[in-house]
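Chain by chain, the residues run as shown.
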Amino acid sequence: MGEGPGQGASVALPPMPATDLEQIVSLCKRRGFVYQSAEIYGGFRSTYDYGPLGSLLLRNVKEAWIRSVVQQRDDVVLIDAAVLSPPQVWEASGHLSNFSDPLVDCTECKQRFRLDKLDDPDTCPNCGATNSFTEAREFNLMFKTQAGPVEGTGADAYLRPETAQGMFTNFVQVLQTSRKKPPFGIAQVGKSFRNEITPQNWIFRTREFEQMELEFFVPPAESADWYEYWCNARLQWYADLGIPAEMLRLRAHDADELSHYSAGTADVEFQFPWGFDELEGIAQRTDYDLRQHAEHSGEKLDYFDPQTNERYVPYVIEPAAGATRTMAAFLLAAYDEDVINDEKRTVLRLHPRLAPYKVAVLPLSKKDTLTPLAHEIRALLSDRYMVDYDETQNIGKRYRRQDEIGTPLAVTVDFDSLDDGAVTVRDRDTTEQVRVPIDELVATVSDRLGF
Ligand code: GAP
């Protein structure tokens with residue numbers, strides 16, 4: 001509706017991923033995806049709030065991950081562990097002694113830097129002074145707090161810097177209650193916190209973020225095969241959700257990059273505007289964590305295989321992804337500009353599973369004669385899908401808005417609908433419009449979306 005003769009006359013350009021982070025940041029602010037946190041107080045650095053659209057998109061990223069890693073398999077279960085944890089957990093995991101970055105201060109300009117991120121370890125990138133850095137010292141990235149009203153070491157608590165440890169500390173309970181046996185996995189999605197020295201690039205590196213982690217427990221002899229399996233499966237997940245293959249790569253870590261627990265790690269990397277950078281790490285954690293927690297807690301954290309009469313500590317393959325960071329990648333890859341009937345438009349070609357709204361219901365006019373039917377259609381669709389209802393502005397502007405927020409389908413209710421019981425369904429990507437009887441609408445939408 002409303003795009004004139006030649007409806008659907010979108011100039012077919014190949015998707016043009018945004019090269020400019022600012023385009024996405026500004027679209028996200030303008031349309032209600034991501035806001036600077038506490039902006040009315042001048043903003044809280046490196047902290048972001050997810051608005052009406054961003055919270056839906058982030059939820060869809062997490063649900064797509066759960067769908068692939070848990071729902072579509074019979075060997076992975078989901079948990080939701082506490083964010084607050086006692087020091088013993090982080091002592092055992094090695095985070096209290098190892099989870100740190102080397103810091104240097106410039107004695108000239110007093111700025112602080114991560115030594116391992118400096119292009120030139122002798123020159124200050126801020127003031128240009130040479131040989132002005134202090135000796136490096138290790139800075140632990142965990143946020144420490146206290147639980148309860150009484151201060152003292154007994155009250156120390158930490159905000160988790162990764163969700164992973166919840167899967168290790170609950171290993172035995174999950175094993176017993178879920179009736180699983182290796183190879184099997186425990187998955188978790190949730191917030192993690194790191195006091196990053198150099199938070200940067202919008203939601204790419206923040207102090208509060210969300211992770212989607214799987215700990216996949218396997219017999220040690222099968223570890224190499226499962227590592228390869230998960231590297232391929234995880235790379236494919238991003239491609240299946242619409243990231244072009246040329247914007248993705250798998251990169252094995254060099255020995256000096258490995259975390260303290262890892263015997264081998266590969267990163268899924270995405271081509272961000274500043275170059276290829278990490279979306280997810282797939283690590284071979286061996287039996288490090290279960291052994292550490294067994295030793296520190298005094299509990300047996302192993303598996304007895306009744307078929308072979310063998311007791312062993314499973315090895316772990318860990319695909320660990322960032323939900324908020326991945327959301328940024330999906331937005332960057334989906335961003336496109338094209339021209340319809342000589343008018344430039346911005347369109348987010350988000351995969352339907354990720355799109356915040358799946359369908360927009362747009363009555364052609366605000367008149368009382370149309371809106372009851374439009375609301376009926378909204379109610380019909382919203383039983384199954386997240387639906388946006390919009391009756392403001394002219395229809396062309398409403399289509400542009402839905403394109404810009406990535407809504408795959410728009411349903412327009414017009415005056416003919418009152419007589420012929422049909423509506424117009426418009427496709428975001430092609431802008432093609434077809435007339436569909438209302439009683440076939442849900443089936444048509446489901447067919448077009450693929451679910
Ligand atoms: N349990 C292993 C682990 O946490 P990691 O590589 O430190 O491994 C996994 O983190 C993923 O979490 C990263 O690939 C990244 O996507 C996300 N992540 C880590 N730190 C982050 C931060 N400061 N801001 C946003 N995402 C972050």
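That block above? That's the structure.
Summarised in this report is the structure supplied together with it. (Residues numbered from 1 in each chain as written. Predicted model: local features only at pLDDT ≥ 70, side-chain atom pairs only at ≥ 80, totals over all residues. Heavy atoms only, no water.)

Of all residues adjacent to the ligand, which total 21 residues, the nearest are Glu-162, Arg-194, Thr-206, Glu-213 and Glu-278. Here a nitrogen atom of the ligand and a side-chain polar atom of Glu-196 are 2.8 Å apart. Separating an oxygen atom of the ligand from a backbone N or O atom of Leu-279 is a distance of 2.8 Å. Protein chains shield 91% of the accessible area of the ligand, which is 550 Å² for the free molecule. (Near = heavy atom within 4 Å. Polar contact = N/O pair within 3.5 Å; in protein donor to acceptor, adjacent residues only side chain to side chain. Areas by Shrake-Rupley, 256 points an atom, 1.4 Å probe, with all protein chains shown as cover.)

Turning next to the nonpolar core. Core analysis: the largest hydrophobic core is formed by 59 residues, its most contacted members being Phe-33 and Phe-270. Once residues within four sequence positions are removed from consideration, Phe-270 is found in contact with Ile-243, Met-247, Leu-248, Gly-275, Phe-276, Asp-277, Leu-279, Ala-329, Leu-332 and Ala-333. Grouped together as the second largest cluster of nonpolar side chains are 21 residues, Val-359, Val-387, Val-442 and Leu-449 included. (Core = buried A, V, L, I, M, F, W, Y, C linked by side-chain atoms within 4.5 Å. Buried < 20%, exposed > 50% of the residue type's maximum accessible area, 1.4 Å probe, protein only. Contact = heavy atoms within 4.5 Å.)

Each full turn of the α-helix corresponds to 3.6 residues, which orients residues three or four apart in the same direction. For helix H7 (residues 223-240), spanning 18 residues, the distance from its first C-alpha to its last is 25 Å, which sits close to the expected 26 Å at 1.5 Å a residue. All buried positions along H7 are accounted for by Ser-223, Trp-226, Tyr-227, Trp-230, Cys-231, Arg-234, Trp-237 and Tyr-238. Projected down its long axis, H7 carries its buried residues within an arc of 140°, all on one side. Exposed side chains of H7 directed beyond 90 degrees from the buried face belong to Asp-225 and Glu-228. Downstream of H7 by one or two residues, Gly-242 has phi in the positive range, about 105°. (Helix = DSSP H or I, 4+ residues; strand = E, 2+ residues; numbered from the N terminus. Expected span 1.5 Å × (residues − 1). Arc of directions from axis to C-beta.)

Of note, the amide linkage connecting Pro-182 to Pro-183 takes the cis form, showing an omega dihedral of 0°. Residue position: Pro-183 is located in the loop between helix H6 (171-178) and strand E10 (184-193). If you check the backbone angles, Trp-202 has positive phi at about 60° while not being a glycine. Relative to the helices and strands, Trp-202 resides in the loop between E10 and strand E11 (208-218). Taking relative accessible area as the criterion, Trp-202 reaches 9% and is therefore assigned buried. We note that Asp-342 has phi near 70°; this positive angle belongs to a residue other than glycine. Its location among the elements puts Asp-342 in the loop between strand E18 (335-340) and strand E19 (343-348).

Summed over all chains, the structure comprises 18 aromatic pairs. For the ring pair Phe-204 and Trp-274, a centre distance of 5.2 Å and an interplane angle of 80° mean the geometry is edge-to-face. Taken together, the positions of Phe-204 in the loop between E10 and E11 and Trp-274 in the loop between strand E13 (265-272) and strand E14 (275-286) put the pair 70 residues apart, joining distant regions of the chain. Connected via pairs of aromatic rings, a cluster forms that spans Phe-168, Phe-171, Phe-184 and Phe-217. We note Arg-353 situated over the ring of Phe-451; from NZ or CZ to the ring centre the distance is 4.2 Å. When the ring centre of Tyr-399 is taken as reference, the NZ or CZ atom of Arg-426 above it lies at 4.3 Å. (Phe/Tyr/Trp six-rings, centres within 6.5 Å; stacked < 30°, edge-to-face > 60°. Lys NZ or Arg CZ within 6 Å of the ring centre and 35° of its normal.)

The side chains of a regular strand alternate, residue by residue, between the two faces of the sheet. With five bridges connecting them, strand E23 (residues 422-427) and strand E24 (residues 433-437) associate as antiparallel partners. Paired with Val-425 across the strands is Val-434, a residue of E24. Linking E23 to E24, which pair antiparallel, is a turn of five residues; within it Thr-431 sits at a positive phi near 65°. (Pairing = 2+ DSSP bridges.)

For the pair helix H2 (residues 52-71) and helix H9 (residues 323-334), the least separation of the axes is 10 Å and the interaxial angle reads 105°. Compared by their axis directions, H2 and H9 come out roughly perpendicular. Two secondary-structure elements touch here, H2 through Gly-54, Leu-57, Leu-58, Val-61 and Lys-62 and H9 through Ala-323, Thr-324, Thr-326, Met-327, Phe-330 and Leu-331. For the contact of H2 with H9, a count of residues per class yields seven nonpolar, three polar and one charged. (Axes fitted to C-alpha atoms, helices over the stretch in contact; angles between N-to-C directions. Parallel < 35°, antiparallel > 145°, perpendicular 65-115°, else oblique. Nonpolar A, V, L, I, M, F, W, Y, C, P; charged D, E, K, R; others polar.)

The next point concerns the state of the cysteines. Each disulfide is one covalent bond, formed between the sulfur atoms of two cysteines. As enumerated under the stated definition, the model contains zero disulfides in all. Cys-109 provides the cysteine sulfur closest to Cys-106, a residue in no disulfide bond, and the two sulfurs are 3.7 Å apart. Sulfur of Cys-127: no disulfide; nearest cysteine sulfur belongs to Cys-124 and is 3.7 Å away. (Disulfide = S-S within 2.5 Å.)

Our next topic: a nonpolar patch on the surface. A grouping of Leu-364, Phe-415 and Leu-418 is seen on the molecular surface, where their side chains present a nonpolar patch of about 230 Å² in accessible area. Of note, Phe-415 is situated in helix H12 (residues 415-420). Taking the relative accessible area as the measure of exposure, Phe-415 reaches 36% and is therefore partly exposed. (Patch = residues over 30% accessible without salt bridge, like charges linked within 9 Å, V, L, I, M, F, W, Y side chains within 5 Å. Salt bridge = Lys/Arg side-chain N within 4 Å of Asp/Glu carboxyl O.)

What follows concerns the sheet that holds strand E5 (residues 100-105). An order of E6-E5-E7 is seen for the three strands of this open sheet, with the pairing classed as antiparallel. If you trace the sheet from one side to the other, it starts and ends with strand E6 (112-114) and strand E7 (137-140), each paired once. Averaged over all neighbouring strand pairs, the angle between strand axes comes to 45°, with direction disregarded. Relative to E6, E5 is paired through three bridges, and the arrangement is antiparallel. Counterpart to Val-104 in the pairing with E6 is Phe-113.

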